[in-house]
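What the coordinates show
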Amino acid sequence: MVAAGAALADEVGLDRLTMGLLAGRLGVRTPSLYKHVAGQDDLNRRIAALALSEAADAVGSAVQGRAGRDALAAAARAFRAFVLAHPGRYAATIGVEPTGPEDPMAAASRRLLEAFLAVLRGYRIGEADVDHALRMLRSLFHGFATLQAADGFQWSADIDESFAWLIDFADRGLRAG
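Comments concerning the overall build of the protein chain
Per the secondary structure count, the protein chain includes 9 helices and 0 strands. In the protein chain, the succession of α and β elements from N to C terminus is α-α-α-α-α-α-α-α-α. The contacts in the protein chain between residues at least 6 apart in sequence include a share of 65% that link residues at least 24 apart. Summed over its atoms, the accessible surface of the protein chain is roughly 9800 Å², and 53% of this surface lies on carbon and sulfur atoms.

Some words on the pattern of salt bridges
Once their charged atoms are close, side chains differing in charge can pair, the charge on each being opposite to the other. Enumeration according to the criterion identifies 9 salt bridges in this entry. Among the salt bridges present, the one from Arg69 reaches Asp168, with a minimum N-O distance of 2.6 Å. Note that Arg69 is positioned in helix H5 (residues 68–85) and Asp168 in helix H9 (residues 159–176), a separation of 99 residues in sequence. For Arg69, a relative accessible area of 32% corresponds to the partly exposed category. Beyond isolated ion pairs, a larger network of salt bridges with shared partners links Asp10, Glu54 and Arg89.

Concerning unusual backbone geometry
Of note in the backbone geometry, Asp151 takes a positive phi value of approximately 55 degrees without being a glycine. Mapped onto the elements, Asp151 comes out in the loop between helix H8 (130–149) and H9. Under the relative-accessibility criterion, Asp151 is labelled exposed at 59%.

Considerations on the packing of H5 against H8
Contact geometry for H5 and H8: axes closest at 9 Å, N-to-C directions at 35 degrees. The two elements H5 and H8 meet at a crossing, and its hand is right-handed. Within the contact between the two elements, H5 uses Leu72, Ala76, Phe79, Arg80, Val83 and Leu84 and H8 uses Leu137, Phe141, His142, Phe144, Ala145, Thr146, Gln148 and Ala149. Counted by class, the contact of H5 with H8 contains 10 nonpolar, 3 polar and 1 charged residues.

Concerning helix H4 (residues 40–63)
With 24 residues, H4 should cover 34 Å at 1.5 Å per step; its first-to-last C-alpha distance of 34 Å lies within 8% of that length. Those residues of H4 that are buried lie in contact with helix H1 (2–12), helix H2 (19–26), H5, helix H6 (87–91) and helix H7 (104–120). Two residues or fewer after H4 comes Gly65, characterised by a positive phi angle close to 75 degrees.

What to know about the environment of Gly5
Checked against the element boundaries, Gly5 lands in helix H1. For the pair Gly5 and Phe153, spaced 148 residues apart in sequence, the C-alpha separation works out to 28 Å.

What counts, and at which threshold
- Residues numbered from 1 in each chain as written.
- Predicted model: local features only at pLDDT ≥ 70, side-chain atom pairs only at ≥ 80, totals over all residues.
- Heavy atoms only, no water.
- Helix = DSSP H or I, 4+ residues; strand = E, 2+ residues; numbered from the N terminus.
- Contact = heavy atoms within 4.5 Å.
- Areas by Shrake-Rupley, 256 points an atom, 1.4 Å probe, with all protein chains shown as cover.
- Salt bridge = Lys/Arg side-chain N within 4 Å of Asp/Glu carboxyl O.
- Buried < 20%, exposed > 50% of the residue type's maximum accessible area, 1.4 Å probe, protein only.
- Axes fitted to C-alpha atoms, helices over the stretch in contact; angles between N-to-C directions.
- Left-handed = near helix turned anticlockwise from the far one by under 90°.
- Nonpolar A, V, L, I, M, F, W, Y, C, P; charged D, E, K, R; others polar.
- Expected span 1.5 Å × (residues − 1).

Structure follows, in structure tokens:
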């Protein structure tokens, strides 16, 4: 049921996903869903956990065996592709925090963080700057991908060229840092 909710969120947008809409998609009555989730907030949290896990798989697989700019570019492309393919489920991850260490979102978040930490190991980033570097990467990749998913780039420049430029910019900054 969570996978169906995530797919529906990708299709209609997380903000338009309702229990009633999901029940209709599944061909069941809305009260039947409450056997599986506590309500809309619970469904959204479960979609967030699924999305974080899928993003962690995508980025983790992409960076395996790579270092430096190659790892950075692979992570960036994998993250962007995930957000573009799954905008609704990715939206569920924004602004939600794990309820504790046992929350499935916590484990999935750690795996995604580890993938980006693996990227940073290819650069000479001091321990005191790791958090800053992670925030920079998240801001760059999240911002670009969510703007693209929302058709936020209306200029004539090729979007893929702009993304390559962004990766090069981040690489130069990480090498200089």
